[in-house]
Amino acid sequence: MPSDTFAAVGPIDISTIVTPQAVVEALITVRDGVITGEGPTAHGRIHFSRVLDSTDTSWCERLLTVVAVDNHPVSREEAEALFEINDAATERSDDGRFDDLFAKAIVHHAASASGLPVPPRSIALSPATAIESWAPTRAVGVNIEVLEWIATQMRGKRRSNRHLMALVASLIGAATLPLMHLPNLLDLGM
């Protein structure tokens, strides 16, 4: 992780991020840099359009775990911004780091929006923390509307996140959902 000094003088001033909405705005800056290969997060380095690299992932990680929002659950808006970044990147050169962060952030949102306890972001989203150590493992208590929202976000996408799909599938658990919900949830973009 870069030092606080770098964060304050870099393309996004991390020290000014004090709300989840500010995280969303900064994530949109990262998304725009991924799309165009230009902008503040791509400045000073070679960055091709539609490529998500380790620096982009590092920005997402730092933004989502800034101290001011560490004890807030990942918001729907932040999750939507991550889906947009995921969709914008047609190529990856980050050794799977974004996929891990993405899956953890989406499940963090789903669990918290369902009223389930979640650890602070710095723990839940850390590459050193296994998602299975804190994520719900069955649908009991998980809000069906949140699962439907995730399924809608994933449906028909070019790139799917297998880890997230497996977690959502395990949360759905066909035996725990009313039969009327199954057609909407089974197409998870596979």
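S.K.: Teacher, can you tell me more about the overall build of the chain here?
M.R.: A tally of regular secondary structure across the chain gives nine helices and two strands. Put simply, the chain runs from its N terminus to its C terminus through helices and strands in the order α-α-β-α-α-β-α-α-α-α-α. Buried residues in the chain amount to 49% of all 190 residues. Sequence separation of 24 or more characterises 72% of the internal contacts of the chain that already satisfy a separation of 6 or more.

S.K.: Sorry if this is basic, but what is going on with the nonpolar core here?
M.R.: Membership of the largest hydrophobic core comes to 43 residues, with the highest contact counts inside it found for L27 and L63. Elements with a contribution of two residues or more to this core: helix 2 (20-36), helix 3 (54-64), helix 4 (76-88), helix 5 (97-113), helix 7 (144-154) and helix 8 (162-172). A per-element tally of this core places helix 5 first, with eight residues. If we skip the residues at most four places from it in the chain, L27 touches C60, L63, L64, E78, A81, L82 and I85.

S.K.: I'm lost on the pattern of salt bridges in this one. Help?
M.R.: Should their charged atoms come close, side chains of opposite charge can pair. Tallied over the entire structure, the rule returns nine salt bridges. We note a salt bridge from R45 to D53, for which the minimum N-O separation is 2.4 Å. With a relative accessible area of 23%, R45 lands in the partly exposed category. Given a relative accessible area of 12%, D53 falls into the buried group. The network of salt bridges with common partners includes R31, D32 and E84.

S.K.: What am I meant to see in the side chain of S75 here?
M.R.: Looking at the secondary structure, you find S75 in the loop between helix 3 and helix 4. Taking the relative accessible area as the measure of exposure, S75 reaches 16% and is therefore buried. Look past the residues within four positions of S75 in its chain and what remains in contact with it is P20, H109 and R121.

About the criteria used
- The numbering scheme is per chain: residues are counted from 1 as the chain's sequence reads.
- Residue-level local features of this predicted model are given only where pLDDT is at least 70; pairs of side-chain atoms are given and counted only at 80 or more, and the full residue set underlies all totals for whole chains, interfaces and linings.
- Excluding hydrogens and water, the side-chain values take into account all heavy atoms of the structure.
- Helix numbers and strand numbers start at the N terminus; a helix is a DSSP run of H or I with at least 4 residues, a strand a run of E with at least 2.
- For the exposure calls, accessible area comes from a 1.4 Å probe over protein chains only, and a residue counts as buried if that area is under 20% of its type's maximum, exposed if over 50%, partly exposed in between.
- The contact rule is simple, with two residues in contact once any of their heavy atoms fall within 4.5 Å.
- Among buried residues, the Ala, Val, Leu, Ile, Met, Phe, Trp, Tyr and Cys ones that are joined through side-chain atoms within 4.5 Å form a nonpolar core.
- Whenever Lys or Arg places a side-chain nitrogen within 4 Å of a carboxyl oxygen from Asp or Glu, that contact is recorded as a salt bridge.

By themselves, these observations are geometric and do not establish any function.
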